[in-house]
Amino acid sequence: MSAVRKTLTSALSAALLAGGLAVAAAGQASAATCPSSSAPVIDGARAAWSLRCSGDKVTVSGWVEDTRADMKCAVVRINAGNGGYKTKSACGSGVREQFSYTFGGTKSAQVRLAIA
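Rules behind the numbers
- Per chain, residues are indexed from 1 in the order of the written sequence.
- Owing to the predicted nature of the model, reporting of local features is limited to residues with pLDDT of at least 70; listing and counting of side-chain atom pairs is limited to 80 or more, with chain, interface and lining totals taken over all residues.
- Side-chain measures here rest on the full set of heavy atoms in the structure, leaving out hydrogens and waters.
- Note that a disulfide, as used here, is simply two cysteine sulfur atoms within 2.5 Å.
- Under the DSSP-based scheme used, a helix requires at least four consecutive residues in state H or I and a strand at least two consecutive residues in state E, with every element numbered from the N terminus.

K.L.:
What is the right way to look at the state of the cysteines in this model?
P.N.:
Linking two cysteines covalently through their sulfur atoms gives a disulfide. Scanning the entire structure with this criterion turns up 2 disulfides. Two residues, cysteine 34 and cysteine 53, share a disulfide whose sulfurs are 1.9 Å apart. On the sign convention where negative means left-handed, the S-S torsion of about 70° between cysteine 34 and cysteine 53 marks this disulfide as right-handed. Remark: cysteine 53 occurs in strand β4 (residues 45-54) and cysteine 34 occurs in the loop between β1 (31-33) and β2 (36-38); sequence separation between them is 19 residues. Put simply, cysteine 73 and cysteine 91 are joined by a disulfide, and their sulfur atoms are 1.9 Å apart. The disulfide joining cysteine 73 to cysteine 91 has a torsion of about 110° about its S-S bond and is therefore right-handed. You can see cysteine 73 sitting in strand β6 (residues 73-80) and its partner cysteine 91 sitting in strand β7 (residues 85-91), a full 18 residues away along the chain. Taken in sequence order, the bonded cysteines of the protein chain link in the pattern 1-2, 3-4.

K.L.:
Would you mind going over unusual backbone geometry with me for this structure?
P.N.:
Phi is mostly negative for residues that are not glycine, and the peptide bonds are mostly trans. With omega at -20°, the peptide bond leading from cysteine 34 into proline 35 counts as cis. The backbone of methionine 71 sits at a positive phi, close to 65°, despite the residue not being glycine. Structurally, methionine 71 is set in the loop between β5 (57-66) and β6.

Spelled out as structure tokens, the structure:
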């Protein structure tokens, strides 16, 4: 195999591996009910949130932080038990964003930390 072909094969393999790692960077998601809290950390991002209920409403509040200068953003994605959906992003190493979202008609939400 020529040196050029080896170099191209190595570069392609590295790119595919990096792409696979970026997709795999999303944290585990599971539905949570009140009260609950989580503080996940993945490569390039961290976050903390809690779920609180009042009547038939759930409030998801916390923060998300970008921890790497990689031109990507840390993102929290919230899927409420009533079909509601919200996201909050933090872009730029060291940037932390606060969030608080309330969803009516449910006492559960699926919250996930990812890199996008």
